[in-house]
Amino acid sequence: MKKAIIYTRTAVPNTASNKKQEQICLRFARDNGFEVVCIYTDNGFSGMNARRSAFRQIMASRTSKDWDIVIIYDCARFFLKTRSFIKYLKILRQAGKDIFPVTGAFGDLPAWLLPYLEL
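Residues numbered from 1 in each chain as written. Predicted model: local features only at pLDDT ≥ 70, side-chain atom pairs only at ≥ 80, totals over all residues. Heavy atoms only, no water.

**Q** Now, about the pattern of salt bridges: what can you tell me, with residues and values included?
**A** Counted under the stated rule, the structure contains four salt bridges. D31 is the salt-bridge partner of R30, the closest N and O atoms lying 3.7 Å from each other. For the pair R30 and D31, a shared accessibility class is recorded, and that class is exposed. Among the ionic pairs, D98 bridges to R93, the shortest N-O distance being 3.1 Å. For R93, a relative accessible area of 21% puts it in the partly exposed group. (Salt bridge = Lys/Arg side-chain N within 4 Å of Asp/Glu carboxyl O. Buried < 20%, exposed > 50% of the residue type's maximum accessible area, 1.4 Å probe, protein only.)

**Q** Any chance you could break down the nonpolar core for me, citing the residues and the numbers?
**A** Of all hydrophobic cores here, the largest spans 19 residues; its most connected members are Y7, V70, F78, F85 and I99. Put simply, the parts of the chain that give this core at least two residues each are β1 (3-10), α2 (53-60), β3 (69-72), α3 (75-78) and α4 (82-94). Looking at this core, the element that brings in the most residues is α4, giving five residues. Not counting the four nearest positions on each side in its chain, V70 is found in contact with I5, Y7, I58, L92, D98, I99 and F100. (Core = buried A, V, L, I, M, F, W, Y, C linked by side-chain atoms within 4.5 Å. Helix = DSSP H or I, 4+ residues; strand = E, 2+ residues; numbered from the N terminus. Contact = heavy atoms within 4.5 Å.)

**Q** Hey, could you go over the packing of aromatic side chains for me, with residue numbers and the actual values?
**A** Under the criterion given, the structure shown has 10 aromatic pairs. Summarising the aromatic geometry, the rings of F78 and F85 are spaced 6.0 Å apart at their centres and angled 85 degrees between planes, so their arrangement reads as edge-to-face. Here the aromatic residues Y7, F55, F78, F79, F85 and Y88 are joined through ring pairs into a cluster of three or more. Between R52 and the ring centre of F79, over which it is positioned, the NZ or CZ distance is 5.0 Å. Over the ring of W67 we find K97, and its NZ or CZ is 4.7 Å from the ring centre. (Phe/Tyr/Trp six-rings, centres within 6.5 Å; stacked < 30°, edge-to-face > 60°. Lys NZ or Arg CZ within 6 Å of the ring centre and 35° of its normal.)

The analysis is restricted to geometry; functional conclusions fall outside its scope.
In structure tokens form, the structure reads like this:
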């Protein structure tokens, strides 16, 4: 069974929105056979920069054997800037990790960028 972490984020302080994202991601994990080992939340932080506490914890733990994937509600929860999203996705993939967006499966990224997601 693959081990997963969940990451939720809201730009404005909104615990209810983070909880909703968390519930949807937990259901996705359960339905797809992932064991959730940790939930990270950035409440009230913009997705335009990497200066988010939980986001930095995830990136710092990318070499850990404790988890395999990050489950996110959608790509914008991880990073709003497409170029930065791809940058951090590549960093995670180079460490053997992956990201699973529950909604869209990278569908909110422009189609011409999809080949660049492959390593």
